[in-house]
Amino acid sequence: MNATISKTTTQPANAGVWRPAVGLAAVSLLLFGFVYSMAGIGLGQLLFPAQANGSLLVQDGRVVGSALVAQPFTDVRYFAPRPSAAAFDPMAAAGSNQARSNPALAERIAAETQRIALREGIAPTAVPADLVTQSGSGVDPDISPAAADVQIARVAHARGVPPAAVRSLVERHTAQPTLGVLGEARVNVLALNLALDRAFPRQP
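Residues numbered from 1 in each chain as written. Predicted model: local features only at pLDDT ≥ 70, side-chain atom pairs only at ≥ 80, totals over all residues. Heavy atoms only, no water.

If you look the chain up in an unreviewed UniProt entry, it shows as Potassium-transporting ATPase KdpC subunit from Paracidovorax wautersii. Recorded in UniProt for the chain, the comment headed Subcellular location (unreviewed entry) runs: "Cell membrane". UniProt's Sequence similarities (unreviewed entry) comment on the chain is quoted here verbatim: "Belongs to the KdpC family." (UniProt positions renumbered as here; feature names shortened; annotations may be inferred.)

Caption draft 1: Structural context of the packing of helix α6 (residues 163-172) against helix α7 (residues 189-199). Interaxial distance between α6 and α7 falls to 10 Å at its minimum, and their mutual angle equals 135°. In terms of orientation, α6 lies oblique with respect to α7. At the point where α6 passes α7, the crossing takes the right-handed sense. The residues of α7 that touch α6, namely those facing Val166, Leu169 and Val170, are Leu192, Ala195, Leu196 and Ala199. Each residue belonging to the contact of α6 with α7 can be placed in one class, and the counts come to seven nonpolar, no polar and no charged. (Axes fitted to C-alpha atoms, helices over the stretch in contact; angles between N-to-C directions. Helix = DSSP H or I, 4+ residues; strand = E, 2+ residues; numbered from the N terminus. Parallel < 35°, antiparallel > 145°, perpendicular 65-115°, else oblique. Left-handed = near helix turned anticlockwise from the far one by under 90°. Contact = heavy atoms within 4.5 Å. Nonpolar A, V, L, I, M, F, W, Y, C, P; charged D, E, K, R; others polar.)

Caption draft 2: View of the layout of surface pockets. What the largest pocket holds in volume is close to 240 Å³. The wall of the largest pocket is formed by 18 residues, among which Phe73, Thr74, Ala80, Arg115 and Arg119 lie closest to the centre. Per element, the largest residue contribution to the lining of the largest pocket is four residues, and it comes from helix α3 (residues 103-120). Partitioning the lining of the largest pocket into residue classes produces ten nonpolar, two polar and six charged. (1 Å grid on protein atoms, 1.4 Å probe; cavity = no way out; pocket = protein on both sides within 12 Å on 5 of 7 lines; lining within 4 Å. Points joined across faces, edges and corners; volume = space filled by probe spheres on them.)

Have a look at this one:
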């Protein structure tokens, strides 16, 4: 007598889990990886178009830089920014990482202080700290009003204009603390130098 043996096919215990898991992953990727990102970009372009595009500064119809990134200015006709440990390269933005106890830092600051004092015709003790110290990013676009003030006489003399005219331009480009309490007063060096060229064009 032949016995019939029935075989029962069983499904894996987790067979019903894969479909909703894959669906949830796909929806999450679509919503948070694409829709959310595009919404953020769209709102940025709508509400803050200048900032969303890099806070670019334009002169004579061409982009000359960003208000967020410092550039080196060595010509006596221009205001100088803070020194940079990154050589003003935004792709290598960094500070010097030297501790205050590092002798090399003290030597560099002392030498830079003497250089700035000689360039501006002032006493070494009158050199503002931000003109001889490097920022953490290495591309800090701003200087303090005091740092701009000690450069006014040099810039005015080099351009052949009254110091009062240059001082007025500095005052117009001095930003106050955000909401009156956040940060400190500051002067954007690139924006100020562009304004200098517009107000006092270089003579041929």
